[in-house]
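Reading the structure
Here is what each chain is made of, one letter per residue.
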Amino acid sequence: MFFLQYLPEFDNYGIKKSEIDFCDEIPEIRLKESDAKALGKAEKTKATVAFLLGQDKSSDGTEYYTVDKDYLSSVLKSGADIKFLDYQHTSKQLDGCDGLILPGGSFVSPDIFYYFKQGKKEEILQKRAKAYIEAIISAQVDHHNMPILGICAGAQMVGGLHNLHMYNAINQENPSNTVHKSKKDYAHDVIVDKNSPLYQIMGLNQERIAVNSRHSEGMIEEKLQKHLPSDMTIYAISPEDKIPEAWGNVKHHILCIQWHPENLAAKGNESMQRIYNWLTNEAQKHSKEKHLDFLDFKDRLMKNY
């Protein structure tokens, strides 16, 4: 078993990529119990969720798999135990998990995701992008609609695989006064459809809320989503430029958020924490359903003997 270490250089947790990528067996990557408790781990564990790691490079060139502290805090407080996924063993590491979190990050998405072609097609997808795609397909197909929470770039990858299209650069392709890439805690407002699952998940009493925003790419307006049908429903938009800010699919247990609720949850925003609570609760349901399916199979098998 491999354990993440606190990395002062990045003020997050991580492990050297070289330790994991060249491992002979499928590595199990965890957080130390002492660190989990320090980050606010709930007393009772409801389910085990998988978290696809990000990446950072130190000043000396060493590459790390990493995860921000606010992600860890939000997931652990929701009552989840966490197993981490690297980019080499992604689908196999999903075994034993009942939910999947795809975090934000900076990498090139498949060219077919974009609405406006930029002539910069990535002939060979980066390992990180491939890992996102592999994780999504494995969760939905191999693990029978395992609940998925996509954040920022993770949300975009889920959307792209479900035929939602993206702007390569929002500020150029759909210019407006809305700032989508900002360091502010609250960068702009979004309108959450009061009839959407997200409105209920967050426990909102008003449709207009303020969010942070750290993305230069994003999904195109719903009226332009005409190339191929998508089974995603838009849950929230930014009011001025109509950019989708949240989407999902109830049947497939998918929730995608364009902003970063973990950062706001870490500052005490309970509505944002409820987004991570949703994933853990859905994972718990998925685990119970899996167990009942197994008991049903066992019962039918025993009747034949």
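Look a little higher up for the structure.
Quick look at the structure, then. (Residues numbered from 1 in each chain as written. Predicted model: local features only at pLDDT ≥ 70, side-chain atom pairs only at ≥ 80, totals over all residues. Heavy atoms only, no water.)

Turning our eyes to something else, we now look at the overall build of the protein chain. Secondary structure summary: the protein chain contains 10 helices and 17 strands in total. Expected size for 305 residues packed as a compact globule is a radius of gyration near 19 Å; at 19 Å, the protein chain falls within 12% of this value. Its C-alpha atoms put the protein chain at 65 × 55 × 40 Å along the principal axes. Here the protein chain holds 305 residues, and the buried ones make up 52% of them. The long-range fraction of contacts in the protein chain, counting pairs at least 24 apart against all pairs at least 6 apart in sequence, stands at 73%. Working note: accessible area of the protein chain is about 15000 Å², and carbon and sulfur atoms make up 48% of it. Across the protein chain, 37 positive and 43 negative side-chain charges occur, with their mean positions spaced 2 Å apart. (Helix = DSSP H or I, 4+ residues; strand = E, 2+ residues; numbered from the N terminus. Rg over C-alpha atoms; globule rule 2.2 N^0.38 Å. Buried < 20%, exposed > 50% of the residue type's maximum accessible area, 1.4 Å probe, protein only. Contact = heavy atoms within 4.5 Å. Areas by Shrake-Rupley, 256 points an atom, 1.4 Å probe, with all protein chains shown as cover. Lys, Arg positive; Asp, Glu negative; His and termini not counted. Charge placed at Lys NZ, Arg CZ, Asp CG, Glu CD.)

Below, the discussion takes up the pattern of salt bridges. The final tally for this structure, using the stated rule, is 7 salt bridges. A salt bridge links R30 to D81; the nearest nitrogen and oxygen atoms lie 2.7 Å apart. Residue R30 is found in strand β4 (residues 29-30), and its partner D81 is found in strand β8 (residues 80-85); the two are separated by 51 residues along the sequence. Classification of D81 by relative accessible area gives partly exposed; the value is 23%. D185 is paired through a salt bridge with K267; the nearest N and O atoms lie 3.9 Å apart. Taken as a pair, D185 in the loop between α7 (170-173) and β12 (188-192) and K267 in the loop between α9 (261-265) and α10 (270-302) lie far apart in primary sequence, 82 residues in all. (Salt bridge = Lys/Arg side-chain N within 4 Å of Asp/Glu carboxyl O.)

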